[in-house]
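Structural overview for review
In case you want the letters, here they are:
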Protein chains: 2
Amino acid sequence: MTGLVLTTLAWVPDFPRGYVRDLRVRWALEEAGLPYSVRTVSGKDRGAEHLARQPFGQVPILTDGDITLFESGAILVHLGLQTPVLMPEDPKGRAEVLQWVFAAVNSVETAALPRIICDFAKDDTRTPGREALDTYLTGRLDGMEAVLATRDWLAGRFSIADILMADAFRLFDGTDILADHPACQGYVDRATARPAFQKALADQLAHFAAADAQIAAPAGAIDV
Amino acid sequence: MTGLVLTTLAWVPDFPRGYVRDLRVRWALEEAGLPYSVRTVSGKDRGAEHLARQPFGQVPILTDGDITLFESGAILVHLGLQTPVLMPEDPKGRAEVLQWVFAAVNSVETAALPRIICDFAKDDTRTPGREALDTYLTGRLDGMEAVLATRDWLAGRFSIADILMADAFRLFDGTDILADHPACQGYVDRATARPAFQKALADQLAHFAAADAQIAAPAGAIDV
């Protein structure tokens, strides 16, 4: 595999740094030891060219030779299908990883995101809808707590499923949402202690710090 | 591929009939012309054995020879990797399908579900969190409207991505949520007019109707 190019945002404010979803792709590429280069799109002006490639105006996008795809989950499965260290090649092991990949993005993150969106809006009004959303989230966390009390990684050994599940739980960083789910918190701690995560995080933070420096430079601002 | 067994619920009330997620698997299997048998678990008593297989107590589960996996999205990718009619075998075509698979489950459905959960709780309180959730959903629908105005199917021809995206939009059946997004509504109409969808829907409805008959039979109720 050659010519991997990761597209991310040119600049973001401080608060999403460390959480922009290019992190998931960087993490997988570090786990696999695959080199990549970085391109950027402006976060301020997500113009027609970017929207034609990504209908929600988001990042990351990965270019792999003549293949270009968006959605961090899709990118990780794409890499996993070519890279046994990220996902086993045998159909049984692969199915187990896929099962947990979708549990992360379609069962856990789906339940986590409404809570984070309400928290970000500084809204804790206890409406019936909010109660239902919180009950839904607690059910998902209880399910994952039972699973993670029995194993270090979701599918026998570390895989792309762990990147997606741990990063879904990272939505709760800085909150007490996992306080009653110590196995889930322990899992996040274990995943984020991995050298590949630490390198990916440092690289994302360095990318945005370099953008700060470019904006501040007398030669003129980059297009953020 | 032989011995496909779909596990679904023994019985559900009227309102989720036609929407239980075994429908996605039935639909894919009909598109591919793959025969399958059905097993059931009790919806009332999702006991330890079921929870050991599915941490959220949900269906569907697919057994394919010695492989058993849950999560409808994972099951569809598992089938797609073996069945070119559901997902192309070439890496470029496959990546395009995967991109839309994850757009369905992690971008569109993630935004749709909070709205449906609040509607189900009969809650339309305009809190800041609810406003943010609705804005998030509208952004996703606007993105998909632009895509679906230009094509019949997401990835060149019908694929598992269309099953997942159309079924995510079906969460809005009986609401006016897609009224301002006619290309999205037209896409759902086009997808659900397919003979494979119609067969899958009829089979799910017949399954639960048969359970009604068993419960009503003098010989005694099934364990629902």
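See the structure above.
Parameters and conventions
- Residues numbered from 1 in each chain as written.
- Chains lettered and ligands numbered in written order.
- Predicted model: local features only at pLDDT ≥ 70, side-chain atom pairs only at ≥ 80, totals over all residues.
- Heavy atoms only, no water.
- Core = buried A, V, L, I, M, F, W, Y, C linked by side-chain atoms within 4.5 Å.
- Buried < 20%, exposed > 50% of the residue type's maximum accessible area, 1.4 Å probe, protein only.
- Contact = heavy atoms within 4.5 Å.
- Helix = DSSP H or I, 4+ residues; strand = E, 2+ residues; numbered from the N terminus.
- Polar contact = N/O pair within 3.5 Å; in protein donor to acceptor, adjacent residues only side chain to side chain.
- Pairing = 2+ DSSP bridges.
- Axes fitted to C-alpha atoms, helices over the stretch in contact; angles between N-to-C directions.
- Least-squares fit on C-alpha atoms with pLDDT ≥ 70 in both.
- Buried area = accessible area lost by both parts, 1.4 Å probe.
- Salt bridge = Lys/Arg side-chain N within 4 Å of Asp/Glu carboxyl O.
- Parallel < 35°, antiparallel > 145°, perpendicular 65-115°, else oblique.
- Left-handed = near helix turned anticlockwise from the far one by under 90°.
- Nonpolar A, V, L, I, M, F, W, Y, C, P; charged D, E, K, R; others polar.
- Phe/Tyr/Trp six-rings, centres within 6.5 Å; stacked < 30°, edge-to-face > 60°.
- Lys NZ or Arg CZ within 6 Å of the ring centre and 35° of its normal.

**Focus on the nonpolar core**
- Judged by nonpolar contacts, the single largest core of 138 residues is most densely connected at Met144(A), Phe169(A), Met144(B) and Phe169(B).
- Contacts of Phe169(B), omitting those with residues within four sequence positions, involve Val108(B), Leu141(B), Met144(B), Leu148(B), Leu178(B), Cys184(B), Tyr187(B) and Val188(B).

**As for the side chain of Arg17(B)**
- With respect to the secondary-structure elements, Arg17(B) resides in the loop between strand S1 (4–9) and helix H1 (22–32).
- A polar side-chain atom of Arg17(B) sits 3.5 Å from the main-chain carbonyl oxygen of Pro13(B).

**Observations regarding the sheet that holds S1(B)**
Residues and elements named next belong to chain B.
- Strand order in the open sheet formed by 4 strands is S2-S1-S3-S4, with mixed pairing between adjacent strands. One side of each edge strand has no neighbouring strand; the edge strands of this open sheet are strand S2 (37–41) and strand S4 (67–70). Sheet twist, expressed as the average angle between the axes of neighbouring strands with direction ignored, equals 20°.
- For S1 and strand S3 (residues 61–64), the ladder comprises 4 bridges, and the chain directions are antiparallel. Counted as the bridge partner of Leu 4 is Asp 64 from S3.
- Those strands touched by H1 are S1, S2 and S3, and its axis lies near 155° from that of S1.

**Observations regarding the relation of the copies chain A and chain B**
- The transformation that overlays chain A on chain B combines an axial shift of 0.0 Å with a rotation of 180°, and the residual RMSD is 0.0 Å. The superposition operator between the copies reduces to a two-fold rotation axis. Rotation axis and chain A: the residue whose C-alpha lies nearest the axis is Thr110(A), separated from it by 2.4 Å.
- Both copies present the same face, since 100% of the interface residues in chain A are matched by interface residues at the equivalent positions in chain B.

**Section: the pairing of S4(B)**
Residues and elements named next belong to chain B.
- Note that S3 and S4 share 4 bridges and pair antiparallel. Across the sheet, residue Thr 63 finds its bridge partner in S4, namely Thr 68.
- Counting the residues between successive antiparallel strands, the hairpin from S3 to S4 contains 2 residues, one of them, Gly 65, with a positive phi of roughly 65°.

**Focus: the interface of chain A and chain B**
- On the side of chain B, 50 residues touch chain A, which itself brings 50 residues to the contact.
- Ranking the residues of chain A by area buried against chain B places Phe56(A), Phe102(A) and Asn106(A) at the top, with a combined share of 15%.
- For the pair chain A and chain B, the number of links is 1 salt bridge.
- A salt bridge links Lys92(A) to Asp66(B); its shortest N-O distance comes to 4.0 Å.
- At the level of secondary structure, the elements contributing two or more residues to the side of chain A that touches chain B comprise strand S4 (67–70), helix H3 (72–80), helix H4 (91–120) and helix H5 (128–148) of chain A.

**A look at the packing of helix H6 (residues 160–169) of chain A against helix H7 (residues 182–192) of chain A**
Residues and elements named next belong to chain A.
- Between H6 and H7, the shortest axis-to-axis distance is 9 Å and the interhelical angle comes to 120°. By the angle between their directions, the pair H6 and H7 is classed as oblique. The way H6 lies across H7 gives a crossing that is left-handed. Residues Ala 161, Asp 162, Met 165, Ala 166 and Phe 169 of H6 lie in contact with H7, whose contacting residues are Cys 184, Tyr 187, Val 188 and Ala 191.
- Among the residues forming the contact of H6 with H7, the class breakdown is 8 nonpolar, no polar and 1 charged.

**Re the sheet that holds strand S2 (residues 37–41) of chain A**
Residue and element names in this part refer to chain A.
- Pairing in this open sheet of 4 strands is mixed, and the strands run S2-S1-S3-S4 from one edge to the other. Because the sheet does not close on itself, it has two edges, and the strands there are S2 and S4. When strand polarity is set aside, the average angle formed by the axes of neighbouring strands in this sheet is 20°.
- Across the sheet, helix H1 (residues 22–32) lies against strand S1 (4–9), S2 and strand S3 (61–64), angled at about 155° from S1, the strand it touches most.
- Against the sheet, helix H8 (residues 195–216) contacts S1 and S2, and its axis sits at roughly 60° relative to S1.

**Some thoughts on the side chain of His207(A)**
All names here are of chain A.
- With respect to the helices, strands and loops of the structure, His 207 is situated in helix H8.
- Under the relative-accessibility criterion, His 207 is labelled buried at 16%.
- Every residue in contact with His 207, bar those within four places of it in the chain, is listed here: Thr 8, Leu 9, Ala 10, Arg 26, Val 38 and Thr 40.

**Re the packing of aromatic side chains**
- For the structure shown, the criterion picks out 15 aromatic pairs over all chains.
- Between the aromatic rings of Trp153(A) and Phe158(A), the centroid separation amounts to 5.0 Å while the plane-to-plane angle is 90°, which identifies the pairing as edge-to-face.
- Counting every residue linked through ring pairs, the aromatic cluster contains Trp27(A), Trp153(A), Phe158(A), Phe169(A), Tyr187(A) and Phe197(A).
- A cation over an aromatic ring shows up here: Arg194(A) above the ring of Trp153(A), its NZ or CZ 5.3 Å from the ring centre.
- When the ring centre of Trp153(B) is taken as reference, the NZ or CZ atom of Arg190(B) above it lies at 5.7 Å.

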